[in-house]
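One-letter residues, chain by chain:
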Amino acid sequence: WRVSLRKPILPRFGDEDGLDEAVALERQARAGLAARLARRGPSPGFSAADYAERLDFELSVIARMKYPGYFLIVADFIKWAKEQGIPVGPGRGSGAGSLVAYALTITDVDPLRFGLLFERFLNPDRVSMPDFDIDFCQDRREQVIDYVQRRYGKERVAQIITFGTLLARGVLRDVGRVLEMPYGQVDRLTKLVPQNPAKPISLVDAISGEPKLQQAAAEEPIVARLLEIGQKLEGLHRHASTHAAGVVIGDRPLEELVALSVDPRTGMRVTQFNMKWVEQAGLVKFDFLGLKTLTTLNTAVALLAKRGIAIDLADLSFDDPESYAMLARGEVVGVFQVESAGMRKALVEMKADRIEDLIALVALYRPGPMDNIPSYCRRKLGLEAATYLHPKLEPILSETHGIIVYQEQVMQVAQALSGYSLGEADLLRRAMGKKNKSEMDAQADRFVRGAVEGGLTKEVAKEIFDLLAKFADYGFNKSHAAAYAVVAFQTAYLKANHPVEFLAASMTLDIGNTDKLSEFRRDAERIGIRVEPPAINRSGVEFDVESGAIHYALAAIKGVGRAAVESIVAARLAGGAFRDLADFARRIDTRLVNRRTIEALIAAGALDALEPDRARALAAVDGVLALSSRTRDAALGGQSELFGGGATEVLRIPPTEPWAPAERLRREHDAVGFFLSGHPLDDYEHVLKRLRVQSYADFARAVRANGTSVAKVAASVIDKSERRTKSGSKMGVVQLSDPSGQFEAILFSEGLQRHRELLEPGRALVLRLSAVLDGEEVRPRIEHVEVLDDLAARQKQDLLVYLRDDRALASIAERVRPRGDGLKADGKIALVMILDEGAQEVEIELPGRYAVNQQIANAFRAAPGVVSVELR
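Residues numbered from 1 in each chain as written. Predicted model: local features only at pLDDT ≥ 70, side-chain atom pairs only at ≥ 80, totals over all residues. Heavy atoms only, no water.

(A) Representation of helix α32 (residues 661–672) in the model. Over its twelve residues, α32 extends 16 Å from the first C-alpha to the last, a length consistent with the 16 Å expected when each residue adds 1.5 Å. By the burial criterion, the buried members of α32 are Pro661, Leu665, Glu668, His669, Ala671 and Val672. Burial along α32 is one-sided: seen end-on, the buried residues are contained in an arc of 165°. Against the buried residues of α32 lie α25 (514–526), α28 (595–604), α29 (614–619), β10 (708–724), β12 (741–747) and α38 (854–861). Just downstream of α32 lies Gly673, where phi reads positive at about 105°. (Helix = DSSP H or I, 4+ residues; strand = E, 2+ residues; numbered from the N terminus. Expected span 1.5 Å × (residues − 1). Buried < 20%, exposed > 50% of the residue type's maximum accessible area, 1.4 Å probe, protein only. Arc of directions from axis to C-beta. Contact = heavy atoms within 4.5 Å.)

(B) Geometry of the pairing of strand β11 (residues 730–738). Counting buried positions along β11 gives seven out of nine residues, so the element sits mostly inside the fold. The sheet contact formed by β10 and β11 spans eight bridges and is antiparallel. By the bridge assignment, Ser716 is partnered in β11 with Ser737. In terms of strand pairing, β11 meets β12 through seven bridges, oriented antiparallel. Following the sheet pairing, Asp738 is matched in β12 by Gly741. Once β11 ends, the chain turns through two residues before running back antiparallel as β12. (Pairing = 2+ DSSP bridges.)

(C) A look at the pattern of salt bridges. Using the criterion set out here, one finds 66 salt bridges in the structure. In this structure, a network of salt bridges that share partners links the residues Arg329, Glu331, Lys495, Asp523 and Arg526. (Salt bridge = Lys/Arg side-chain N within 4 Å of Asp/Glu carboxyl O.)

(D) Summary view of the sheet that holds strand β18 (residues 866–871). Spatially, the four strands line up as an open sheet ordered β17-β16-β15-β18, and their pairing is mixed. The sheet is open, and its two edges are formed by β17 (840–845) and β18, each paired on a single side. Averaged over all pairs of adjacent strands, the angle between strand axes in this sheet comes to 20°, irrespective of strand direction. In this structure, strand β15 (residues 799–803) lies alongside β18, joined through five bridges in antiparallel fashion. Along β18, the bridge assignment pairs Leu803 with Val866. Relative to β18, α38 is tilted by about 165°, and along the sheet it contacts β15, β16 (829–835) and β18. (Axes fitted to C-alpha atoms, helices over the stretch in contact; angles between N-to-C directions.)

(E) Molecular detail of the packing of aromatic side chains. The full count for this structure, using the stated rule, is 24 aromatic pairs. Between the aromatic rings of Tyr696 and Phe699, the centroid separation amounts to 5.9 Å while the plane-to-plane angle is 45°, which identifies the pairing as tilted. One end of the pair, Tyr696, and the other, Phe699, are both in helix α34 (residues 696–706), three residues apart, so they sit about a helical turn from each other. Both residues of the pair, Tyr696 and Phe699, belong to the buried class. Through successive ring pairs, a cluster of aromatic residues spans Tyr70, Phe71, Phe77, Phe121, Phe132, Phe136, Phe286 and Phe288. Directly above the aromatic system of Tyr102 lies the positively charged group of Arg36, at a separation of 4.2 Å from the ring centroid. Sitting over the face of the ring of Tyr420, Arg446 holds its NZ or CZ atom 4.2 Å from the ring centroid. (Phe/Tyr/Trp six-rings, centres within 6.5 Å; stacked < 30°, edge-to-face > 60°. Lys NZ or Arg CZ within 6 Å of the ring centre and 35° of its normal.)

(F) Highlighting the nonpolar core. Formed by 109 residues in total, the largest nonpolar core has its most connected members in Phe543, Ile550, Tyr552, Phe584, Ile598 and Leu601. Top contributing element to this core by residue count: helix α23 (residues 478–497), with eleven residues. Of all hydrophobic cores here, the second largest spans 52 residues; its members include Leu10, Leu25, Tyr102 and Phe118. (Core = buried A, V, L, I, M, F, W, Y, C linked by side-chain atoms within 4.5 Å.)

(G) Structural view of the sheet that holds strand β8 (residues 544–546). Reading across from one edge, β7-β9-β8 is the order of the three strands in this open sheet, with mixed pairing throughout. In the strand order of this sheet, the two ends are held by β7 (531–532) and β8, each with one partner. Direction of pairing for β7 relative to strand β9 (residues 549–551): parallel, over a ladder of two bridges. Across the sheet, Glu532 pairs through a bridge with His551, a residue of β9. Packing of helix α24 (residues 499–509) onto the sheet brings it into contact with β8 and β9, and relative to β9 it is tilted by some 20°.

(H) Quick look at the environment of Leu25. Structurally, Leu25 can be placed in helix α1 (residues 21–40). Expressed as a C-alpha distance, the spacing of Leu25 and Ala63, which sit 38 residues apart in the sequence, is 9.1 Å. For Leu25, the contacting residues outside a window of four places in its chain are Leu59, Ile62, Pro68, Phe71, Leu72, Val100 and Leu104.

(I) Inspection of the environment of Ser740 at higher detail. Position of Ser740 among the secondary structure elements: in the loop between β11 and β12. On a C-alpha basis, the gap between Ser740 and Gly69 in space is 55 Å, while along the polypeptide they are 671 residues apart. Those residues in contact with Ser740 that lie beyond four places of it in its chain are Arg522, Ser695, Tyr696 and Ala697. Of the polar contacts made by the side chain of Ser740, one reaches the side chain of Asp738; its length is 2.7 Å. (Polar contact = N/O pair within 3.5 Å; in protein donor to acceptor, adjacent residues only side chain to side chain.)

(J) Seen up close, the pairing of strand β3 (residues 237–249). Sheet topology places strand β2 (residues 157–165) next to β3; eight bridges connect them, and they run antiparallel. When the bridges of β3 are listed, Thr162 appears paired with Ser241. Two elements, β3 and strand β6 (residues 285–291), share three bridges in a ladder whose sense is antiparallel. Bridge pairing in β6 places Val248 opposite Lys285.

(K) Highlighting unusual backbone geometry. Even without being a glycine, Lys66 presents a positive backbone phi close to 65°. When you line up the elements, Lys66 lands in the loop between α2 (48–64) and α3 (68–83). We classify Lys66 as exposed; its relative accessible area is 56%. Of note in this structure, Thr105 is not a glycine but carries a positive phi near 65°. Assignment of secondary structure puts Thr105 in the loop between α4 (99–103) and α5 (111–114). Overall, the relative accessible area of 26% leaves Thr105 in the partly exposed class.

(L) Just the packing of helix α15 (residues 341–350) against helix α16 (residues 355–364), in detail. Where α15 meets α16, the closest approach of the two axes is 11 Å, and the angle between their N-to-C directions is 140°. In terms of their interaxial angle, α15 and α16 are classed as oblique. As α15 packs across α16, the resulting crossing turns out to be right-handed. Residues Met343, Ala346, Leu347 and Met350 of α15 lie in contact with α16, whose contacting residues are Asp357, Leu358, Leu361 and Val362. (Parallel < 35°, antiparallel > 145°, perpendicular 65-115°, else oblique. Left-handed = near helix turned anticlockwise from the far one by under 90°.)

(M) Seen up close, the packing of α1 against α3. Remark: α1 packs on α3, axes separated minimally by 8 Å, with the N-to-C direction vectors making an angle of 50°. It follows that α1 is oblique to α3 by the angle criterion. Seen along the crossing, α1 lies across α3 with a hand that is left-handed. Of the residues in α3, those touching α1 at Glu21, Ala22, Ala24, Leu25 and Gln28 are Pro68, Gly69, Phe71 and Leu72. Tallied by class, residues from the contact of α1 with α3 come to six nonpolar, two polar and one charged. (Nonpolar A, V, L, I, M, F, W, Y, C, P; charged D, E, K, R; others polar.)

The following block contains the structure:
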């Protein structure tokens, strides 16, 4: 299986005239660059001659290193993808530093505009394969791989295998299962092994560092055997899977080069050598990555096109004031790379107003470098002076206010101060990153000698070298930061200028993530965008936009299934809007639309236009399914047209009591994942103002601003679970919701024991919360719990009941009788009769005083004939 490494194995890719690959590459690159410059012109500070000189240099290096074929292959499948309308990222990794790649449209980031270095990507002083990582729309990535298979032959294209390894925790679970040990016992032992995905601990180190593991092994022979076998198996391959992005393309059938297998899920061939060994076999890896943000951008652009607004994201200029104003306010929900609380805080502090700020933030926001963010912000705003160890550093570091942020800056400093070529400077950067002492000593001598020859003192030269060595570890690849900052700007531009389409697209791409959907919906409401609830006669399969509002997607309702709603929407488009439940029943396909689907649609309110009483609609489900089945059977038997089929059949609905508002909202929450048409706390608005409680969003903001906070927050309980702590005591984890969002809070053993009975799903509570900031996460803890209804009952309240006719009077009389429940009877009840279709209102105050609370108000709302109820 060994293959000579004299030349990477790639299919030949000359042009149709059979030209040499280097000639074909040169022709395409020159033509592509000319088209780029004709369209946008050179970047400020550069001329066409600067671009031509840089292109000549890169082409010569690529030809000398014998890589023209690689560039041509990558350019070919990217060009094909763009011709098919498949979104392709502007770049990723060090490849964005290549002008040839920019000319071939492999990347869309002008390397001269951003000061990106070709040598960071392809170094003539260090022989290594170029490696373009390409982002594609995640939904259509497979189409590009299919094209490559057709272009070069399926027998010459394969994905790359990866091997799962038995690590310390995993090997204990697997061996424990084989030894038939109790799951709970194995789970307890496994959790004694520290977990650090970035640097996994070995089982030997875990045992030596954990006395409880040693004690368990000494007390139980089965545990000792578990640990003994685990240490022998640790590190072995456990299973094979397919690399998420890696694809190889050969110049001959791949079975002549590597062992192959077939992925049973996709049927595609897979190399049995992993990424490291497949390259040593001479094959070249191409990375086809899926990026969800590209799909979001494409969806938003398509929604805008429906309104006749055409946007070419690749043609955006980077000086849109609306985008930077939005970023500087920290309004970044859905904006690529900068959604986290830390990123948001940095954007606000630096008052980001240029693309360079986004590039720097992408590079700085990592452990270590992020310590420089406060200084970057102060220097940018003129609150702190930028300092330079030598005047020659200023032109290189002025963009980042004197702070070394990028690996490319390390290379440029070595070039400017010590006469390094950029290829040599790349070797210096790599040596600094590896911290090899002998190599570092040699580089230090070379750097200082060159700097002294350039006019620096030896002391300053050494100080600068030490500074570079420190930041080489922290420095980030500017090419990657620039490319991803471009994507961040594109998302920010769409959100700032076309927020309705952008948020609708974002919701479509997170259609199965109710937490994200809830966040997007709150963000939409914050900026005044209506999110219309799901409606069977208006909603589509995915989120859509009309008249400045977002229409909720039917496929986002839990339990409906995409195929089911696609068939429903198809029936509506073919036959017009559904008139009522009977019409709906006759036109749906019960092979796709089952009971669960209809019940979920009803609970979410999607069928309100057909039957506004959701309890009645739910009672009709059996009849709907039966009528649908009979209609379908009649159609199959050819009886529909002859006898009228089910067209005249009446849908009979059994009588049923309407749901109380709280029940209606609870079922809606179960179907949607959050409260959409209202919130259980809405009816308590006047009471909450009197009680001076905070929203959870305001509470969380206070915690992020101050690091800690204590406040009263009202919330409805969604769910509660109990867990054991490490000490063995119980703690409660409570899922809660208020109109500003959903959140999770904990309470420990004593509080759980005191408040357990109050923490029931559906109950409205007032909580005293404390919280601390853990990184970017707010961690709330419940200190005290009170029932909101009890607090409301202590407040004097009056009730207004609006009626259209006298049907509800008997029901109201039933509900206002004294109940002997101990409540204060000091509230007034007034009936407001709506007459002449709303032209007149007559208010009649009932004599006496009554016990008025939220439960009574809800009971009135459920009475037939009641229009609305107000507590005041």
